[in-house]
Each structure stands twice: as structure tokens, then as C-alpha cells.
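Structure assessment
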Amino acid sequence: MISEYILRLDIIFFSLILMIFVFIFLSAKNRGKNLQNRLFLLLTVSVTLMLFLEIPYILCNGKSQCAWLNWIINTLYHMIQSMPLVLYVLLVDSFIHNDRKRIKTTLVKWVPFIVITLTLPIINIWVPVFFTIDAEGYYRRQFLLPLMFILQYIPIAVVLYTLLQKKNRLDTIVYLMMWVVPVPALLASLFQFLFSGLTLTWPFISLGIVALGLAFQHKKLTEDYLTGAYNRQSLDEYLHYKLRNCKPNKTFSAFLIDVDNFKSINDEFGHKTGDEALIESVRIFKSSVRNSDFVARYAGDEFVIVLDTTDQTNLENLASRIHQNADKFNASAGKFYNLTYSIGMGIFDPLQDNTIDNFIKRVDQDMYMVKRRKKTSQYMYDTKPNRR
């Protein structure tokens, strides 16, 4: 019996150390008001609280003199156990949409669920239909306890459905790590429901939080802070990776995209609006190309997209799709500015280009040729599918 206590407490303390480490590290590295950072820290704190509640439960369960404390602990436990799961729903949503207003709207939709999960354990104090503490101080399940488990599966199911539907909106590493929290949590809770006395759910979730924290830091190191596209360093590393794996019959291609009249947007409407234009541009690019294509900020208002295709017709079609999505944005967004782009393109040729610098220079020259054509003709208003 003593060895069982020690093992269970060891698991909890190990998980707590992990959570405290994650909290301190993220607090030190991310002091800003970033929405994702705040949600992640709240998630870490809520999981830490759940782990802390496990400790007095393990120590008090089965001790008649602590029966009252066991009641309080388990009531609190069941009241707040849904909070980390709802926070995880919001965190996933923030990674996909990065929209503060949307997060507030989503939270409001979850208020009835939160109210129900808070109320049921309080009702249980007077009508013990979910759990009770017997005369010897043991926690005993009652016939409606499965309802509480089912309620906890609702946010998990929402997360799993969202991840399946929005795969193309997330960085690959972040997307994979997003699964590390809900899937182990689901499996652990099922085992914990089937075999009373196990302490698995929150230690498993804490391991998922650590994995997600590492992915979170990877995302911050590799992406452009403003737009969410990959940064210049990531682009350079990716292009050299593509070069090393390049074969005569298997190369790659790239777009170099310049936001037309970006200086005018900045000068006329201010830098905040200019930042917004860049953010919207990246959303347009990502919605126009495939999830496997690499969208990066090159410099200022210039972006590079690296594509796994060597078909010129396919490149022209993708460029056309970017223009079409920009037209849709201009027609529906109600902004004071319009977004149009000059797109240079090229297929990497190991013999002609030889180096990445030569390749980017050639694509850059193609982009400037497009800009010159726009300035000397009505090219900008051409409705042909292959306009660039």
C-alpha cells in the first residue's frame, strides 16, 4: 500500500515539476501580450492546479478523519476539471485563426458548458448522484458519474474534429504536437474510468503540454512575428535543404511576391494598416497554395513561396489563384486599400542556377519585369488566368 502511494505521488510530483518548468520558461521568454502565449500559460496553470489537487486526494482517500477534506477536494476537482480542456479548445482556435475577437466569441459559446460542469459537483453535495465519501473516508463512484466523464469528452471531441478539418492552417510540427494533448488524455481517462484508483489523465496531459510547449517555441523561432509566415532564416535553411535533395528530374520552384503600392498604404493609412495588409497578404497566400508549400517573408513587403512542382502551367494557375483570392478580399473586406501583387516565378534548374542566390536573383528579375509591365500598360487589370 505504501509503495503504491509513493509511486502515485512520484508520478504527480514529476508532472508538477514539468509544469512549473514550462511555466517559468514561457513566462521568462514571452512577456508580451500575445494571445497564444496567454492561453498557453493559463492552460499550464490550470493543469498544474489539477495536479496539485491529486496530492491531497491520494493522501486523504481512505482516512476517515479526512473525509470532510476529501469531499472538498473532489468537489473542487470535478468543478474545475473542464477548464483546462476548454482552454485547450481556445488555444487550438487561436493557432488556426489568430483572432482575438473570435476567441472571445468562442469563449461565450462555451459558457453554458462551463456553468453545467461547475454546477453539477455543487448539486452533488446535497444529492450525491456522482460520487460520495463513505464512512471510512473512501471516494465512491455513484451511478451518474459517467455523465461527468462524457461531459469532459465534449471539448476533446471538438479539438479532434477541428484538427482534422483545419490541418492546412497549421505548421506541421505544431499540428502534430496538437494531437499529443487530446489523444493521450482521451485514452488515459478511459483507463481511469474503467480502472478506479489510477492516476493517469493529468500526468499524461502534462507530458502533452511539454511537447506542445516545445512546438510553441519552435514556431516562435521559425516564423515571422508579425505575419505568421516563416522568417528569413527558416527560408534560407529550407532552400538549402531543397538544394541538397535536388535531382535533375526532381527540383522545385518558387514565387517571389511584392505587395503593390505598399509604401502608399503605409503613408496614407499608417503603419498599423500597413502591418494589417501584410498579415492579410499571408492569409491570402496560405489559402491559395497547398499545405506543403513553404510561405516565408523575404524582406519588408516581399514574400517567397517555395513549391514542390516543376510544372509551369501549375505555377501559373497557383499565381492566378492568389490574384483571385486577393480580388475576393478586396470585394468583401471593406478596407480602405486594395491588395494586388507582382509575382515573379521560376523553376530551379541545377545547371542554369547552380546556387540558391542565383535562383532567387532570377526569380527576382522576373518579378521586376512584371512590375515594369504593370507600370507601362493595363496589365494590372488583365483578367486572364495567367496574369502575374
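Counting starts from 1 at the beginning of each chain's written sequence and moves along it residue by residue. Two thresholds apply to this predicted model, a pLDDT of at least 70 for residue-level local features and 80 or more for giving and counting side-chain atom pairs, whereas whole-chain, interface and lining totals are computed over all residues. Hydrogens and water molecules were not included; the side-chain quantities draw on all heavy atoms of the structure.

The next point concerns the pairing of strand 5 (residues 302-307). Regular strands place their side chains on alternate faces of the sheet. Here's how the labels work: a residue is buried when its accessible area is under 20% of the maximum for its type, exposed when over 50%, partly exposed in between, all with a 1.4 Å probe on protein chains only. A run of H or I in DSSP counts as a helix once it spans at least four residues, and a run of E counts as a strand once it spans at least two, with each numbered from the N terminus. Of all six residues in strand 5, six are buried; the element is thus mostly enclosed. Taking every second residue as pointing to the same face, both faces of strand 5 are buried, with E302, V304 and V306 on one and F303, I305 and L307 on the other. Paired strands are those between which DSSP finds at least two bridges. Both strand 3 (residues 253-259) and strand 5 contribute to a ladder of six bridges, which runs antiparallel. Opposite D258, over in strand 5, you have E302 as the bridge partner. Relative to strand 5, strand 4 (residues 294-299) runs antiparallel, the two sharing five bridges. The partner of R297 across the bridge, within strand 5, is F303.

Turning our attention to unusual backbone geometry. Although it is not a glycine, N261 sits at a positive phi angle of roughly 55°. Not every positive phi belongs to a glycine, and N354 is a case in point at roughly 70°. Within the secondary structure, N354 is located in the loop between strand 6 (341-347) and helix 14 (356-376).

In this section: the pattern of salt bridges. Whenever Lys or Arg places a side-chain nitrogen within 4 Å of a carboxyl oxygen from Asp or Glu, that contact is recorded as a salt bridge. Applying the stated rule across the entire model yields 14 salt bridges. Between D308 and K242 there is a salt bridge, with the nearest N and O atoms lying 2.4 Å from each other. Of this pair, D308 sits in the loop between strand 5 and helix 13 (312-332) while K242 sits in helix 10 (residues 232-244), and the two are 66 residues apart along the sequence. Residue D308 is classed as partly exposed on the basis of its relative accessible area of 37%. Take K242: its relative accessible area is 13%, and that puts it in the buried class. Across the pair E280 and R283 runs a salt bridge, and its minimum N-O distance is 3.3 Å. Of this pair, E280 and R283 both sit in helix 12 (residues 271-288), three residues apart, roughly one helical turn. The exposure class of E280 is buried, given its relative accessible area of 14%. Given the relative accessible area of 37%, R283 is considered partly exposed.

Here we come to a positive patch on the surface. Patch membership needs two things, relative accessible area over 30% and no salt bridge, and members are linked within 9 Å if like-charged or within 5 Å if nonpolar (Val, Leu, Ile, Met, Phe, Trp, Tyr). Exposure was quantified through the Shrake-Rupley algorithm and a 1.4 Å probe, taking into account, for residues, occlusion by the shown protein chains and nothing else. Charged-residue counts in this description rest on Lys and Arg as positive and Asp and Glu as negative, His and the chain ends being excluded. Think of each charge as sitting on NZ of Lys, CZ of Arg, CG of Asp or CD of Glu. There is a patch of like positive charges on the surface, built from R38, R100, K101 and K104. A per-element tally of the positive patch places helix 5 (residues 100-126) first, with three residues. Mapped onto the elements, R100 comes out in helix 5. According to the relative accessible area criterion, R100 is partly exposed, its value standing at 40%.

Among the secondary structure elements, F21 is positioned in helix 1 (residues 2-29). Classification of F21 as exposed rests on a relative accessible area of 56%.

Moving on: the packing of helix 12 against helix 13. Only the stretch in contact is used when a helix axis is fitted, and all axes are lines through C-alpha atoms; the angle between N-to-C directions ranges over 0 to 180 degrees. Two elements in contact, helix 12 and helix 13, have axes separated by 9 Å at closest approach and are oriented at 130°. As far as their axial angle goes, helix 13 and helix 12 are oblique. Considering the relative orientation of helix 12 and helix 13, their crossing is right-handed. For the pair helix 12 and helix 13, the contacting residues are E280, I284, F285, S287 and S288 in the first and L318, R321, I322, N325, A326 and F329 in the second. Should an angle fall under 35 degrees it is called roughly parallel, over 145 degrees roughly antiparallel, and 65 to 115 degrees roughly perpendicular, with every other angle called oblique. Crossings are sorted by hand: turned counterclockwise from the far helix by less than a right angle, the near helix makes the crossing left-handed, and turned clockwise it makes it right-handed. Here a residue-residue contact requires only that any non-hydrogen atoms of the pair lie within 4.5 Å.

One key point about sheets: their strands pair by backbone hydrogen bonds, in either a parallel or an antiparallel sense. If you trace the four strands from one edge of the open sheet to the other, you get 4-5-3-6, paired in antiparallel fashion. Both outer strands of the open sheet, strand 4 and strand 6, are each paired with one neighbouring strand and no more. The average angle at which neighbouring strand axes cross in this sheet is 20°, direction not considered. Each of strand 4 and strand 5 touches helix 10; the most contacted strand, strand 4, lies at about 125° to it. On top of the sheet, helix 12 reaches strand 3, strand 4, strand 5 and strand 6; it is set at about 15° to strand 5, its chief contact.

A word on the confidence of the model for the protein. For the protein, the average pLDDT comes to 88, and 94% of its residues sit at 70 or higher. Known as pLDDT, the predictor's per-residue confidence is scaled from 0 to 100. Segment residues 380-385 is flagged for pLDDT under 50; beyond a separation of four residues in sequence, or across chains, it makes eight contacts in the model.

Okay, the packing of aromatic side chains next. Paired rings are identified among Phe, Tyr and Trp, the last through its six-membered ring, by centres lying within 6.5 Å, and are further divided according to the angle between planes into stacked (under 30 degrees), edge-to-face (over 60) and tilted (the rest). Taken as a whole, this structure holds 16 aromatic pairs when the rule is applied. Measuring from ring centre to ring centre gives 6.2 Å for Y238 and Y241, while their planes differ by 35°; the resulting arrangement is tilted. Of this pair, Y238 and Y241 both sit in helix 10, separated by three residues, roughly a single helical turn. Feature note: the residues Y57, W71, F131 and Y139 constitute an aromatic cluster, connected by ring pairs.

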